[in-house]
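Listed below, chain by chain, are the residues.
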Amino acid sequence: MFLEFDSIYFYISIIFLKVVHCVLMVLHKFVRGTKKLYKRMVLTENEVTRVEGALYPHESETREVRNLDGIWNFVKSDEGNPTQGVREQWYKDDLSKVKTVIPMPVPASYNDITTDPEIRDHVGTVWYDRTFFVPNSWRDNQRVWLRFGSVHYEAFVWINGETAVKHEIGHLPFEADITKFLKFGEQNRITVLCDNALIQTTIPQGKISEAQRDKGIAIIQSYTFDFFNYAGIHRSVHLFTTPKTYIEDVKITTDLKESTGFIFYEVTSNGDIPLEELRVRIQIKDKRGNLVGKQTTKASELKGVLNIENVKPWWPYLMDPEPGYLYTTEVYLEGANGKLIDVYRVKTGIRTLTWTESSFLINGKPVYFRGFGRHEDSDIRGKGLDYALLTRDFNLLKWIGSNVYRTSHYPYSEESMQFADEQGIMIIDECPSVDTENFNQALLDKHKSSLQQLVNRDKNHACVVMWSIANEPRTNQYNADTYFGSVANYTRDLDKTRPITAAIAVPSKDDKAGRHLDIISFNRYNGWYSNTGRLDMITDHLVEEAIGWHKKYNRPVLMSEYGADTVEGLHILPSFVWSEEYQQDLLSKHFRAFDILRKKVWFIGEFVWNFADFKTQQKYKRVGGNKKGVFTRNRQPKAAAHLLRKRYFSLAQYLDKCFVPQDLFEYIFSVA
């Protein structure tokens, strides 16, 4: 699951990686300049190291959970000497004994916490540490685990100076059994090295270069994606216990037939007790805690199916009076003699997904997606998990009448997925592959790994209705067909119950990846990046392009991004770019195209870019970040939000016969 290392191997690996990267770049430039040698890339289907288990830490009769969030100690490495701390073994003692530490909140991005631009723009490694106590009661007949919700981009973790775990690819969880490293009944120390550097074989990709500055050399991190490369310990850190033999994973799929629901379950155990001496007892409880189904398997058979009569299906928001209905699947791992060993509970939404060449259906009913591209982004905390912000965002999603969003452009927090399950908000779940190019074997293997970890984490969430394998990849490049065919097929092998998509930005005539997808998603900024300011060049262009995508691939089509940057409070009449009037007019022109396309059945959704304004790297074309949000960065509505609310609720009323809020349309005039 993870690689162990010591200081010399770590140092060598850093040097080796940089050498490989340089060689790849030289080869790429050479091949680009020598067309006669430019042959199809040969990719092999390498075995991807699979992350198993990593269940979200819930307390139960057999498990305890402790949260390590709070103020940690923080040290920034010198950019020109990123491996110094490893060579000098800073992890062997408190960081305060080797450098001056500053307080740093966890979870949070470290970039915007201080007033120091060198921390905000730092490239390379930083260090965290803190101490914690482990009670004596955790000593016997238990395992103690350490789990991170996300560290971006790469993490190395030590417990009491001993290597515990390594993980690459941000936005995804990782864990390790740390029992053997702990001092029970005493103080323990955890040390984390975080590296934010992105190169051409990371997911997402970036480039590292050097530039002369006033005093010495500056390390420059560049990337093509349009959001700030926030870094740090972004999500919660937990300690939790399990029995020596424990439930490692639970996989649940569901089906419906008339008024009967079916829950298919498969449990994986790990530990000293052999499989033939284990069984599972399953109980299903409804929202009120009533027992509605139970089953006990035979010894060594840890899977089965349960029937739920008079089932209440999981429906998206505004498609049913009670959206997001969840049952609780209780998993009891027992010895063959009935002795209780471990307990884990999973929230379960019972629903079906089906798709054809012209439609997408949930529980047999056609779905029209009304949603957003988003970012995990806010002032000060960056991409750090924030429950107040999370709650506000879901309140705004429901206020505006949205039923879906895409986790652009990386997996969002597990807590947000749980929220979406409960609120009935559908999710297009996207891996961290952004602007993917320069296809090569090392990149392919990491791309697949990111998807395996994502599917493993989110497989049981009813809210997840689609996997997105990339955002705006360079699918016009020569080897895109081979590369994305491999990625799509791999993802389909991981989960056949959900369709696969990718947000494509190249014109349909140039695309080489769409044939591997189940749903075609495309991004286009008519009236903004294309024909800026021309509101009369939007509707027909959009209709023609969508028809072109469907004609080429004969798949359902949705628009995954469109929009315009808008400065809050800027009003210009007649409407002019960057004004609130222009954003409203641009959205309205798209609405007209969407209504033309909806009549063709195969057009299944519209996603505004973006839900809220967000930070980007410093650019002269960006004043404080990307301003395409219909909400400001502090989650207040622009004028376009009110327009979009009227559209989304009107669509929901027309298509799904839902209620309309009384305040949707303001009182204006009465003839009486």
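In the block above lies the structure referred to throughout.
Residues numbered from 1 in each chain as written. Predicted model: local features only at pLDDT ≥ 70, side-chain atom pairs only at ≥ 80, totals over all residues. Heavy atoms only, no water.

Colleague: How do you make sense of the overall build of the protein when you look at a structure like this?
Modeller: Helix and strand counts for the protein come out as 10 helices and 32 strands. Across its three principal axes, the protein shows a C-alpha extent of roughly 75 × 70 × 60 Å. Counting across all 672 residues of the protein, residues that qualify as buried make up 59%. For the protein, the share of sequence-separated contacts (at least 6 apart) that also reach a separation of at least 24 residues comes to 72%. Total accessible area on the protein stands at roughly 28200 Å², and carbon and sulfur atoms take up 52% of it. (Helix = DSSP H or I, 4+ residues; strand = E, 2+ residues; numbered from the N terminus. Buried < 20%, exposed > 50% of the residue type's maximum accessible area, 1.4 Å probe, protein only. Contact = heavy atoms within 4.5 Å. Areas by Shrake-Rupley, 256 points an atom, 1.4 Å probe, with all protein chains shown as cover.)

Colleague: What is the right way to read the pattern of salt bridges from this model?
Modeller: It is possible for side chains of opposite charge to pair when their charged atoms get near one another. Applying the stated criterion to the full structure yields 48 salt bridges. A salt bridge links arginine 633 to aspartate 377; the shortest N-O distance between them is 2.7 Å. Of the two residues, arginine 633 is situated in the loop between strand E32 (603–609) and helix H10 (639–656) and aspartate 377 in the loop between strand E25 (369–373) and helix H4 (387–400); the sequence distance between them amounts to 256 residues. Aspartate 377 gets classed as buried once you look at its relative accessible area, which sits at 4%. Between glutamate 430 and arginine 406 there is a salt bridge whose closest N-O contact spans 2.7 Å. Here glutamate 430, found in strand E27 (residues 426–430), pairs with arginine 406, found in strand E26 (residues 404–406); they are 24 residues apart in sequence, far enough to count as distant. There is no split in this pair, since glutamate 430 and arginine 406 are both buried. A network of salt bridges, in which partner residues are shared, links Asp226, Asp565, Lys619, Arg622 and Lys628. (Salt bridge = Lys/Arg side-chain N within 4 Å of Asp/Glu carboxyl O.)

Colleague: How should I be thinking about the packing of helix H8 (residues 539–553) against helix H9 (residues 580–598) in this particular structure?
Modeller: Closest axis-to-axis distance for the H8/H9 pair is 8 Å, and the angle between their directions is 40 degrees. The element H8 and its partner H9 pack so that their crossing is right-handed. Between H8, through Thr539, Leu542, Val543, Ala546 and Ile547, and H9, the contact on the second element is made entirely by Lys589, His590, Arg592, Ala593, Phe594, Ile596 and Leu597. Per-class residue counts for the contact of H8 with H9 are 8 nonpolar, 2 polar and 2 charged. (Axes fitted to C-alpha atoms, helices over the stretch in contact; angles between N-to-C directions. Left-handed = near helix turned anticlockwise from the far one by under 90°. Nonpolar A, V, L, I, M, F, W, Y, C, P; charged D, E, K, R; others polar.)

Colleague: Would you explain the sheet that holds strand E24 (residues 365–366) in this entry?
Modeller: Strand pairing within a sheet occurs via backbone hydrogen bonds; the two strands may be parallel or antiparallel. The 3 strands are arranged E22-E23-E24 in an open sheet whose pairing can be described as antiparallel. At either margin of the open sheet sits one strand with a lone partner, and together these are strand E22 (353–355) and E24. Relative to E24, strand E23 (residues 360–362) runs antiparallel, the two being bridged by 2 bridges. Following the sheet pairing, leucine 361 is matched in E24 by proline 366. (Pairing = 2+ DSSP bridges.)

Colleague: How do you make sense of the packing of H9 against H10 when you look at a structure like this?
Modeller: Helix-helix packing is characterised by the crossing angle of the two axes and by the distance between the axes. Running from N to C, H9 and H10 cross one another at 20 degrees; their axes reach a closest spacing of 8 Å. Taken together, the axes of H9 and H10 are roughly parallel relative to one another. Classified by chirality, the crossing of H10 by H9 is right-handed. Side by side, H9 and H10 meet where Glu580, Gln583, Gln584, Leu587, Phe591, Phe594, Asp595 and Arg598 of the first sit next to Ala639, Ala640, Leu643, Leu644, Arg647, Leu651, Tyr654 and Leu655 of the second. In the contact of H9 with H10, the residues fall into 10 nonpolar, 2 polar and 4 charged. (Parallel < 35°, antiparallel > 145°, perpendicular 65-115°, else oblique.)

Colleague: Looking at this structure, how should I read empty space enclosed by the protein?
Modeller: One water molecule sets the probe size; rolling that probe over the atoms shows where empty space is left. Evaluation of the coordinates by the stated rule reveals 6 cavities of 30 Å³ or more. In this structure, the largest cavity occupies an estimated 160 Å³ of space. In terms of lining residues, the largest cavity is bounded by 16 residues, among which Glu376, Gly384, Leu389, Leu390 and Asp393 are the most central. Tallying contributions element by element places H4 first for the lining of the largest cavity, with 3 residues. In this model, the second largest cavity occupies a volume close to 70 Å³. (1 Å grid on protein atoms, 1.4 Å probe; cavity = no way out; pocket = protein on both sides within 12 Å on 5 of 7 lines; lining within 4 Å. Points joined across faces, edges and corners; volume = space filled by probe spheres on them.)

Colleague: Looking at this structure, I do not really get unusual backbone geometry. What am I missing?
Modeller: With an omega dihedral of 5 degrees, the bond running from valine 106 to proline 107 counts as a cis peptide bond. Residues serine 408 and histidine 409 are joined by a peptide bond in cis, for which omega reads -5 degrees. Relative to the assigned elements, histidine 409 resides in the loop between E26 and helix H5 (414–423). In the Ramachandran plot, asparagine 160 falls in the positive-phi region, its phi being about 50 degrees despite a non-glycine side chain. Turning to its location among the elements, asparagine 160 is positioned in the loop between strand E7 (154–159) and strand E8 (162–168). Judged by its relative accessible area of 18%, asparagine 160 is buried. Phi angles above zero are rare outside glycine, and asparagine 438 is one such case at about 50 degrees.

Colleague: Would you take a moment to explain H10 for this structure?
Modeller: One turn of the α-helix equals 3.6 residues, which is why residues spaced by three or four share an orientation. Between its first and last C-alpha, H10 extends 26 Å over 18 residues, near the 26 Å set by a 1.5 Å rise per residue. Residues of H10 that are buried include every one of Ala640, Ala641, Leu644, Arg645, Arg647, Tyr648, Phe649, Leu651, Ala652 and Asp656, and no others. Contacts from the buried residues of H10 go to E24, E25, H4, H9 and E32. After H10 finishes, the residue lysine 657 shows a positive phi value of roughly 55 degrees. (Expected span 1.5 Å × (residues − 1).)

Colleague: Sorry if this is basic, but what is going on with the layout of surface pockets here?
Modeller: Of the voids in this model, the second largest pocket is the one considered here, and its volume is about 630 Å³. Around the second largest pocket, the lining is made up of 24 residues, and of these Glu79, Asp121, His122, Val123 and Ile219 lie nearest the centre. Of all elements in the fold, only helix H3 (117–120), strand E11 (207–213) and strand E12 (216–222) reach the threshold of two or more residues within the lining of the second largest pocket. Residue classes in the lining of the second largest pocket are distributed as 8 nonpolar, 8 polar and 8 charged.

Colleague: What should I look at first to understand the sheet that holds strand E28 (residues 464–471) in this one?
Modeller: Around the barrel, which closes on itself, the 8 strands sit in the order E25-E26-E27-E28-E29-E30-E31-E32 with parallel pairing between neighbours. Strand after strand, the sheet turns through a mean of 25 degrees between neighbouring axes, direction not considered. In this sheet, E27 lies alongside E26 in parallel orientation, the contact comprising 3 bridges. Bridge pairing in E27 places arginine 406 opposite isoleucine 428. Contacting strand E29 (500–504), strand E30 (520–523), strand E31 (557–561) and E32, H8 crosses the sheet at an angle of about 150 degrees to E30. Contacts from H9 reach E31 and E32, with the element oriented near 165 degrees to E32.

Colleague: Please clarify how a nonpolar patch on the surface should be interpreted in this entry.
Modeller: A cluster of nonpolar residues, Ile668, Phe669 and Val671, forms a patch on the protein surface that exposes about 440 Å² of accessible area. With respect to the element layout, phenylalanine 669 can be found in the segment after H10. (Patch = residues over 30% accessible without salt bridge, like charges linked within 9 Å, V, L, I, M, F, W, Y side chains within 5 Å.)

Colleague: Can you walk me through the nonpolar core in this structure?
Modeller: Formed by 114 residues in total, the largest nonpolar core has its most connected members in Phe369, Phe372, Ile469, Phe603, Val630 and Leu644. When residues no more than four places from it in sequence are discounted, the contact partners of phenylalanine 369 are Phe360, Asn403, Val404, Met426, Val465, Met466, Leu558, Ile604, Gly605, Glu606 and Phe607. (Core = buried A, V, L, I, M, F, W, Y, C linked by side-chain atoms within 4.5 Å.)

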